[in-house]
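An overview of the molecular structure
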Amino acid sequence: MTLRTPEPAAGALPAPEDGEDLVSVVVPARNEERAIGATLTALRGKDHRNLQIVVVDGGSTDRTVDVIRRHMAEDPRIELVHNPRRTIPTALNTGLAHVRGRWLVRMDAHSTVDPGYVRAAVSRLREGRWGGVGGRKDGTGTTPAGRAIAAALGSRFGVGGSLYHHGVREQEVDHIPFGAYPTDLVRRLGGWDDRLEANEDFEFDLRLRSSGATLLFDPGLTIRWQSKQSLGDFWHQYVRYGRGKADVLRLHPGSARLRHLAPPLLVLYLAAALVTAARRPRTAVAMVAPYAVALGLASVQTARPLEDPRARARVPAAFLAMHVGWGLGVWWRALELAGRRAAR
């Protein structure tokens, strides 16, 4: 994949007031009319003023583009480009082709960050030690299910070793959310793999680390991320994540970690228990009991800070959607890939 960087348009951005480097923020978006306004408002309020904000629309069928254009009319730093293939890695590469800044920050269309976020991330990159910098991605919910999902996403039981969901200590990591990177490094690596439909961020960070660069998790950088607001949407999201992980494992088998393998192994184990239940129900119950106990204890602990009893009641289902959805997604995609190989 060859990426072309266009020449900067004369007068497209205001001149920096204090010698700040130009920072380009790339925001993939599709059908985000309810959230994209808050994202753009947060970015426009950054204390790092020398920004290029590239919003890549993936064929939205709602009023997303109208909201973006309204912000463009108020702020010349915002640019709108279109992504014909609609997938996130293609959107990121489309945005990358328009980037003019020395530093690139990826942002999600339903996320907001504090005014100092961009300046702080770039400051860490300027240290010269890091190929990428990211912070804590804290889920937020507006419905009972959404609040349960956000709580589950912040639980080690839910996400395992994904430190960016619950970490409190600065450290080198294997993956960061919505990372900030030197633009030249992103281009040298060829951008994001547009063969993937999900998990493209982990795959990119994997190639970055293979190049010898390192990633910093800084919990002082916080991202408020609007998680899914229904258990059904959350289930489908995690099935898609699992499918994406299967694709990444196919491309990079050596990248497998225990936290990646635990959900598909859990699905196999639960399937074995279900088969066993037909003839030996007590044995099946004994097989499921350890996970059920762990699920119950984690749910009680995770739900305790939630004030809404409706949200607390949905925490176990949120954990199940994460674990079983991811695991099924991995097996679903693995079987698809095996079927294609067999048909050749």
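Residues numbered from 1 in each chain as written. Predicted model: local features only at pLDDT ≥ 70, side-chain atom pairs only at ≥ 80, totals over all residues. Heavy atoms only, no water.

A closer look at the nonpolar core
Counting residues in each nonpolar core, the largest one holds 56 residues, and the members touching the most others are Val 27, Ile 36, Val 55, Tyr 117, Leu 153, Phe 234 and Met 322. Sequence-distant contacts of Ile 36, that is, excluding residues within four places in its chain, are made with Val 27, Ala 29, Val 55, Thr 64, Val 67, Ile 68 and Ala 109. Ranked by size, the runner-up nonpolar core spans 23 residues in total, among them Leu 104, Val 186, Phe 204 and Leu 208. (Core = buried A, V, L, I, M, F, W, Y, C linked by side-chain atoms within 4.5 Å. Buried < 20%, exposed > 50% of the residue type's maximum accessible area, 1.4 Å probe, protein only. Contact = heavy atoms within 4.5 Å.)

As for the pairing of strand β2 (residues 51–57)
Taken across its 7 residues, β2 has 7 buried, putting it largely inside the fold. Both faces of β2 are covered, namely the face carrying Leu 51, Ile 53, Val 55 and Asp 57 and the face carrying Gln 52, Val 54 and Val 56. Relative to β2, strand β1 (residues 23–29) runs parallel, the two being bridged by 7 bridges. Of the residues in β2, the one forming a bridge with Val 27 is Val 55. (Helix = DSSP H or I, 4+ residues; strand = E, 2+ residues; numbered from the N terminus. Pairing = 2+ DSSP bridges.)

Side note on a nonpolar patch on the surface
A cluster of nonpolar side chains, Leu 261, Leu 265, Leu 268 and Trp 331, forms an exposed patch at the surface whose accessible area comes to about 350 Å². When its relative accessible area of 45% is taken as the criterion, Leu 268 is described as partly exposed. (Patch = residues over 30% accessible without salt bridge, like charges linked within 9 Å, V, L, I, M, F, W, Y side chains within 5 Å. Areas by Shrake-Rupley, 256 points an atom, 1.4 Å probe, with all protein chains shown as cover. Salt bridge = Lys/Arg side-chain N within 4 Å of Asp/Glu carboxyl O.)

Quick look at unusual backbone geometry
Non-glycine residue Asn 31 carries a positive phi angle of around 55°. Mapped onto the elements of the fold, Asn 31 is located in the loop between β1 and α1 (36–44). In the Ramachandran plot, Asn 199 falls in the positive-phi region, its phi being about 70° despite a non-glycine side chain. With respect to the element layout, Asn 199 can be found in the loop between α7 (183–188) and α8 (200–210).

Points about the confidence of the model for the protein
Overall, the predicted model of the protein reaches an average pLDDT of 92, with 94% of residues at or above 70. Contacts of residues 1–17 to residues separated by more than four positions or lying in other chains number 28 contacts, the stretch itself having pLDDT below 50. (pLDDT = per-residue confidence, 0-100.)

Focus: the environment of Thr 302
Summarising the element assignment, Thr 302 is placed in helix α11 (residues 281–303). Exposure remark for Thr 302: the relative accessible area of 13% places this residue in the buried category. Here the alpha-carbon distance between Thr 302 and Val 113, two residues 189 residues apart in the chain, equals 24 Å. If near-sequence neighbours (up to four positions away) are discounted, Thr 302 is found in contact with Ala 151, Ala 152, Ser 155, Val 315 and Phe 319.

Regarding the side chain of Arg 124
Structurally, Arg 124 can be placed in helix α4 (residues 117–125). Take Arg 124: its relative accessible area is 12%, and that puts it in the buried class. Discounting chain neighbours no more than four positions away, the residues touching Arg 124 are Trp 130, Val 133, Glu 170, Leu 216 and Asp 218.

Things to note about the pattern of salt bridges
Under the criterion given, the structure shown has 24 salt bridges. Here Arg 63 makes a salt bridge to Glu 33, at a shortest N to O gap of 3.9 Å. Taken together, the residues Arg 63 in the loop between β2 and α2 (64–74) and Glu 33 in the loop between β1 and α1 connect sequence positions 30 residues apart. For Asp 247, the salt bridge identified is with Arg 333, shortest N-O distance 2.8 Å. Of this pair, Asp 247 sits in helix α9 (residues 231–251) while Arg 333 sits in helix α12 (residues 309–343); the two residues are 86 residues apart in sequence, bridging distant segments of the chain. Both residues of the pair, Asp 247 and Arg 333, belong to the buried class. Through salt bridges with shared partners, a single ionic network connects Arg 243, Asp 247, Arg 250, Arg 333 and Glu 336.

A word on the packing of aromatic side chains
Enumeration over the complete set of coordinates arrives at 7 aromatic pairs. Arranged with centres 5.0 Å apart and planes meeting at 90°, the rings of Phe 157 and Phe 319 form a pair that is edge-to-face. Taken together, the positions of Phe 157 in helix α6 (residues 156–159) and Phe 319 in helix α12 put the pair 162 residues apart, joining distant regions of the chain. Both rings, one in Tyr 238 and one in Trp 326, keep their centres 6.4 Å apart while their planes meet at 45°; by these two values the pair is tilted. Here the residue Tyr 238 occupies a position in helix α9, and Trp 326 occupies one in helix α12, the gap between them amounting to 88 residues. (Phe/Tyr/Trp six-rings, centres within 6.5 Å; stacked < 30°, edge-to-face > 60°.)

A few points about α1
For α1, the complete set of buried residues consists of Ile 36, Gly 37, Thr 39, Leu 40, Ala 42 and Leu 43. For α1, the elements touching its buried residues are β1, β2, α2 and β5 (111–113).

Things to note about α9
End to end, α9 covers 30 Å across 21 residues, agreeing with the expected 30 Å (1.5 Å per residue, within 8%). All of the buried residues along α9 are Phe 234, Gln 237, Tyr 238, Val 239, Gly 242, Arg 243, Gly 244, Lys 245, Ala 246, Asp 247, Val 248 and Leu 249. Looking at the packing, one finds that the buried side of α9 touches α5 (144–153), α8, β9 (215–226), α10 (258–277) and α12. (Expected span 1.5 Å × (residues − 1).)

Here's the deal with the packing of α5 against α12
At a minimum axis separation of 7 Å, α5 and α12 run at an interaxial angle of 55°. Between α5 and α12, the angle is such that the two are oblique. The interaxial crossing formed by α5 with α12 has right-handed handedness. Contacts between α5 and α12 involve Pro 144, Ala 145, Arg 147, Ala 148, Ile 149, Ala 152 and Leu 153 from the former and Arg 310, Ala 311, Arg 314, Val 315, Ala 318, Phe 319 and Met 322 from the latter. (Axes fitted to C-alpha atoms, helices over the stretch in contact; angles between N-to-C directions. Parallel < 35°, antiparallel > 145°, perpendicular 65-115°, else oblique. Left-handed = near helix turned anticlockwise from the far one by under 90°.)

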